[in-house]
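Structural overview
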Amino acid sequence: MEVMQVLHMNGGMGETSYANNSLLQRKAILMTKPIIEAAATALFSTADTAFHASLAIADLGCSSGPNALFAMSEIITVMINLCKATNHELPEFQVFLNDLPGNDFNTIFAGLLPRFQEKLSEQMKGKYGASATFSCFFNGVPSSFYGRLFARESMHLIHSSYSLHWLSQVPIGIEGNKGNIYIARSSPPGVIRAYYEQFQRDFSMFLECRGQELVMGGRMVLTIPGRRSDDPSSKECCSIWELLAIALNEMVSKGLIEEEKLDSFNIPNYTPSPKEVRLEVQKQGSFSIDYLEVSEVNLSIFDSDFNPNVASEDEGYNLAKCVRAVAEPMLVDHFGEEIIDEVFKRFGAQPAAHMLKENPALVNVVISLKKIA
């Protein structure tokens, strides 16, 4: 699997698009809103970065749909409010939206950005009056964040949510992971080790690159799907992929998929523990940690409080649509398009019962960093 070409969410605004099936990811951003606000406020109060004529901010792994602009909107709003409260002139904002080249940037820039800019302008005039001027420049950055994206010491605040669990490649040496598509209880120790070592290389490179691009005192807020447990095969981080593997194995047993095809498919993903995240930050050395916590987002798509006594079959199919919006491009590339509807029909029949038993939630590792070296 060539991750650079294949890894992207379903584009457009259709029924199976990421834009219409990313409420879980939006929940995660909403939960981290106070941490984003704290990082932006800390940046503003830092004398050598607060009062530049322009402020450069970025969302890395922005994907497509409304979430792509949500975090950037929060940061801009905080800065507008701080400038108003302290009687400081607004900087010009440079906003960079990054994802891999296969991302649907057209939906962002042609479909969503014009209205977003109108709302920002209305917000500005509400704060500063009808004659106020406001400059905000948006840029697409189609490239991997496991390499350099920006000029040295040119960025002030970087945000990334639900992106850094994706690896730059499927780990090498995991041929023994038969019947699984990710780390599972039955995965050999060498497979688990290969996934972890790939995460270490990738996250270290990410930190190295951002350390070069941020100004001294610049901030970074990252939300990474992860786990509380020290066990990488824990159900709190692997259950969704295990359910998808069950659906695929059922199709193998029915002769709808070749067993060899399934055995050669693995998801380029790793969900780290807080300890693993902290270790890589400390080893790399460019950042101090302002905040590191674990949070949870309930897997119930529409209800804030999931009640296992009233879980419906619809919950399973809602979750299936969310997973399809994320995984379909990878599955199509490996297995072909003709199996997709059947895969997610089978997948959707499972999660409701699973949620009834275990009331699962997605575990997130949230970290706020300051550039110090």
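As a starting point, this report considers the structure included with it. The shown structure was predicted, so the numbers you read here are calculated from the model rather than taken from an experiment. Residue indices begin from 1 for each chain and proceed along its sequence in written order. Given that the model is predicted, a residue must reach a pLDDT of at least 70 before its local features are reported, and side-chain atom pairs must reach 80 or more before they are shown or counted; all residues, however, enter totals for whole chains, interfaces and linings. Remark: hydrogens and water are excluded; side-chain values derive from all non-hydrogen atoms of the structure.

1. Brief notes about the overall build of the chain
Rules: To qualify as a helix, a DSSP run of H or I must reach at least 4 residues; to qualify as a strand, a run of E must reach at least 2; elements of each kind are numbered from the N terminus. Relative accessibility thresholds used throughout: buried, under 20% of the residue-type maximum; exposed, over 50%; partly exposed, between the two (1.4 Å probe, protein chains only). Contact between two residues is taken to exist if any of their heavy atoms lie within 4.5 Å; hydrogens are not considered. For accessible areas, the Shrake-Rupley method is used with a probe of radius 1.4 Å. Any residue's cover is judged against the shown protein chains and nothing else.
Of regular secondary structure, the chain possesses 13 helices and seven strands. Here the chain holds 373 residues, and the buried ones make up 57% of them. Pairs at least 24 residues apart make up 83% of the contacts formed inside the chain by residues separated by at least 6 positions. Taken as a whole, the chain presents about 15,500 Å² of accessible surface, with 50% of it coming from carbon and sulfur.

2. Focus on the environment of Phe-105
Examined against the element boundaries, Phe-105 turns out to sit in helix α6 (residues 105-128). For the pair Phe-105 and Val-141, spaced 36 residues apart in sequence, the C-alpha to C-alpha distance is 9.4 Å. Not counting the four nearest positions on each side in its chain, Phe-105 is found in contact with Cys-62, Leu-97, Asn-98, Asp-99, Leu-100, Gly-140, Val-141 and Pro-142.

3. Let's talk about the nonpolar core
Under the convention used in this document: Throughout this description, the term nonpolar core refers to a set of buried Ala, Val, Leu, Ile, Met, Phe, Trp, Tyr and Cys residues connected via side-chain atoms within 4.5 Å.
Residues Phe-203, Phe-206 and Phe-347 are the most contacted members of the largest nonpolar core, which totals 70 residues. The dominant element in this core, judged by the number of residues it contributes, is helix α8 (residues 235-253), at ten residues. Discounting chain neighbours no more than four positions away, the residues touching Phe-347 are Ile-240, Leu-243, Leu-244, Ala-247, Leu-319, Ala-320 and Val-323. Core analysis: the second largest hydrophobic core is formed by 37 residues, Phe-105, Leu-113, Leu-120 and Leu-157 among them.

4. Some points on the sheet that holds strand β2 (residues 92-99)
By definition, the strands of a sheet pair up through backbone hydrogen bonds, in either a parallel or an antiparallel sense. Cut-off, in case you're wondering: Pairing between two strands requires that DSSP report at least two bridges joining them. Axis geometry follows a simple rule: fit a line to the C-alpha atoms, using only the stretch in contact for helices, then measure angles between N-to-C directions, giving values from 0 to 180 degrees.
Strand order in the open sheet formed by seven strands is β3-β2-β1-β4-β5-β7-β6, with mixed pairing between adjacent strands. Of all the strands in the sheet, the pair left with one neighbour each is β3 (136-142) and β6 (287-298). Neighbour-to-neighbour, the strand axes of the sheet open up by a mean angle of 15°, direction not taken into account. The strands that helix α5 (residues 67-86) touches are β1 (54-60), β2, β3 and β4 (155-161); relative to β1, the one it contacts most, it runs at about 150°.

5. Section: the packing of aromatic side chains
Cut-off, in case you're wondering: Centre distance within 6.5 Å is the pairing criterion for rings of Phe, Tyr and Trp, where only the six-membered ring of Trp is used; planes under 30 degrees apart are then read as stacked, over 60 as edge-to-face, and the remainder as tilted. Counted as over-ring charges are cases with an Arg CZ or a Lys NZ within 6 Å of the ring centre that also lie within 35 degrees of the ring normal.
For the structure on display, the rule yields eleven aromatic pairs. Relative to Phe-206, the ring of Phe-145 lies with its centre 5.4 Å away and its plane at 85°, an arrangement referred to as edge-to-face. In this pair, Phe-145 is assigned in the loop between β3 and β4 and Phe-206 in helix α7 (residues 189-213), connecting sequence segments 61 residues apart. Residue class for Phe-206 comes out buried when judged on its relative accessible area of 0%. Taken together, Phe-145, Tyr-146, Tyr-196, Phe-199, Phe-203, Phe-206 and Tyr-270 form an aromatic cluster joined through their ring pairs. When the ring centre of Phe-206 is taken as reference, the NZ or CZ atom of Arg-210 above it lies at 4.9 Å.

6. Examining the packing of α7 against helix α10 (residues 274-284)
Cut-off, in case you're wondering: Angular relationships are summarised with four words: roughly parallel below 35 degrees, roughly antiparallel beyond 145, roughly perpendicular across 65 to 115, and oblique for the angles in between. Each crossing gets its handedness from the near helix: less than a right angle anticlockwise from the far helix is left-handed, clockwise is right-handed. Only Asp, Glu, Lys and Arg are considered charged, only Ala, Val, Leu, Ile, Met, Phe, Trp, Tyr, Cys and Pro nonpolar, and every remaining residue, Gly among them, polar.
Two elements in contact, α7 and α10, have axes whose closest approach is 10 Å; the angle formed by their N-to-C orientations is 50°. Comparing their axes, α10 and α7 come out oblique. You can see that α7 and α10 cross each other, and the crossing is right-handed. Along its contact with α7, which presents Tyr-196, Phe-199, Gln-200, Phe-203, Ser-204, Leu-207 and Glu-208, the element α10 presents Glu-276, Val-277, Leu-279, Glu-280, Val-281, Lys-283 and Gln-284. Residues belonging to the contact of α7 with α10 are distributed by class as follows: seven nonpolar, three polar and four charged.

7. A few points about α10
The set of residues buried in α10 consists of Pro-274, Glu-276, Val-277, Glu-280, Val-281 and Gln-284. Contacts made by the buried residues of α10 are with α7, β5 (214-225), β6 and β7 (361-371). Within two residues after α10, Gly-285 carries a phi angle of roughly 90°, on the positive side.

8. As for unusual backbone geometry
Its identity as a non-glycine residue notwithstanding, Asn-87 has a phi of 60°, on the positive side. Among the structural elements, Asn-87 can be located in the loop between α5 and β2. A residue is classified by how much of its surface remains accessible, and Asn-87, at 73% relative accessible area, is exposed. Its identity is not glycine, yet Glu-153 carries a phi of approximately 50°, on the positive side.

9. Regarding α5
Note: α-helices contain 3.6 residues per turn, so residues at a spacing of three or four share the same orientation. Cut-off, in case you're wondering: A helix's residues, less one, multiplied by 1.5 Å, set its expected span.
With 20 residues, α5 ought to run about 28 Å at 1.5 Å a step, and its terminal C-alpha atoms sit 30 Å apart, in line with that. The buried fraction of α5 amounts to 15 of the 20 residues, a majority that puts the element mostly inside the structure.

10. What about the pattern of salt bridges?
Any two side chains of opposite charge can pair, on the condition that their charged atoms come close. Selection rule: For salt bridges, the criterion is a side-chain nitrogen of Lys or Arg within 4 Å of an Asp or Glu carboxyl oxygen.
Tallied over the entire structure, the rule returns ten salt bridges. The shortest N-O distance in the salt bridge between Arg-115 and Glu-118 comes to 3.1 Å. Here Glu-118 and Arg-115 lie together in helix α6, a separation of three residues that amounts to about one turn. Since its relative accessible area comes to 43%, Arg-115 is described here as partly exposed. The shortest N-O distance in the salt bridge between Glu-280 and Lys-283 comes to 3.3 Å. Of this pair, Glu-280 and Lys-283 are both found in helix α10, three residues apart, which corresponds to roughly one turn of the helix. Classification of Glu-280 by relative accessible area gives buried; the value is 2%. Where salt bridges share partners, they join Arg-148, Arg-210 and Glu-213 into one cluster.

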